[in-house]
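Residues per chain are reported as follows:
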Amino acid sequence: MPKYRRNAVVIDFNVMPVRPDIESVSKFITNDLKLDLKRLKNVQLNNTRNHVIIELGSPEEASDLVDHHNLKHKVGCRGQAFRIPVFLEDNSIQVRVHDLPPHLPNELIATHLEAYGEVNSIRREVWRDITTTNTNTTITNTISNSNRKKQQNQKKHHLKQQQ
């Protein structure tokens, strides 16, 4: 018995800068993939991986869907069109490793991870929006300045009371 579902297909929205809403996913499935939602055994949203897993009736149906639709349809987002990968579910697991030095080569990482199974790919993550740090710093500085003003006003008030 296989350890994974052979009749499952993955739609990978990870190529887009933001996760599409449920309406966009539904339209992609019905309009682009031409699937009837009533025929599907299961539709699962995987928010962590930004995937949609669709379970079909048979492995042949899943394979045909992949053959006819992988990277053939585009979805628009922020003025750009992104080709959407569609592939068979192979029960792969995405592993995130944090705080590695930036000069560490991918080959060395893959060699060490092979002790746990086959390494399909390695991708370095890049923060999409790092401006929030500046905003937090600005807010902190503003709070610090207002606290300083309060303290100065309190000292002035205290001095006036003593006179």
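The structure this text deals with has already been given above.
Residues numbered from 1 in each chain as written. Predicted model: local features only at pLDDT ≥ 70, side-chain atom pairs only at ≥ 80, totals over all residues. Heavy atoms only, no water.

Caption draft 1: Structural context of the overall build of the protein chain. Helix and strand counts for the protein chain stand at four helices and six strands. Counted from the first residue to the last, the protein chain has its helices and strands arranged as β-α-β-β-α-β-β-β-α-α. About 12700 Å² of surface is accessible on the protein chain, with carbon and sulfur atoms providing 50% of the total. (Helix = DSSP H or I, 4+ residues; strand = E, 2+ residues; numbered from the N terminus. Areas by Shrake-Rupley, 256 points an atom, 1.4 Å probe, with all protein chains shown as cover.)

Caption draft 2: Just the packing of aromatic side chains, in detail. Summed over all chains, the structure comprises one aromatic pair. Each ring, one from Phe13 and one from Phe28, has its centre 5.6 Å from the other, and the planes form 75°; the classification is edge-to-face. Here Phe13, found in the loop between strand 1 (8-12) and helix 1 (22-32), pairs with Phe28, found in helix 1; they are 15 residues apart in sequence, far enough to count as distant. On the basis of relative accessible area, Phe13 is assigned to the buried category, the value being 2%. (Phe/Tyr/Trp six-rings, centres within 6.5 Å; stacked < 30°, edge-to-face > 60°. Buried < 20%, exposed > 50% of the residue type's maximum accessible area, 1.4 Å probe, protein only.)

Caption draft 3: Molecular detail of the nonpolar core. Core analysis: the largest hydrophobic core is formed by 21 residues, its most contacted members being Ile11, Phe13, Ile29, Leu35, Ile54 and Leu56. Put simply, the parts of the chain that give this core at least two residues each are strand 1, helix 1, strand 3 (51-55), helix 2 (59-69) and strand 4 (74-77). Not counting the four nearest positions on each side in its chain, Ile29 is found in contact with Ile11, Lys34, Leu35, Leu37, Leu40, Val43, Val52 and Ile54. (Core = buried A, V, L, I, M, F, W, Y, C linked by side-chain atoms within 4.5 Å. Contact = heavy atoms within 4.5 Å.)

Caption draft 4: Representation of the side chain of Asn50. Residue position: Asn50 is located in the loop between strand 2 (42-46) and strand 3. By relative accessible area, Asn50 is classed as buried at 11%. If we skip the residues at most four places from it in the chain, Asn50 touches Ile11, Asp12, Phe13, Asn14, Arg19 and Pro20.

Caption draft 5: Quick peek at the sheet that holds strand 6 (residues 86-88). Read across the sheet, four strands follow the order 2-3-1-6 without closing on themselves; strand pairing throughout is antiparallel. Each edge of the open sheet carries a strand with a single partner, namely strand 2 and strand 6. For this sheet, the mean angle separating the axes of adjacent strands, direction not counted, is 25°. Here five bridges tie strand 2 to strand 3, and the two strands are oriented antiparallel to one another. Following the sheet pairing, Leu45 is matched in strand 3 by Val52. Docked against the sheet, helix 2 engages strand 1 and strand 6, running at close to 150° with respect to strand 6. (Pairing = 2+ DSSP bridges. Axes fitted to C-alpha atoms, helices over the stretch in contact; angles between N-to-C directions.)

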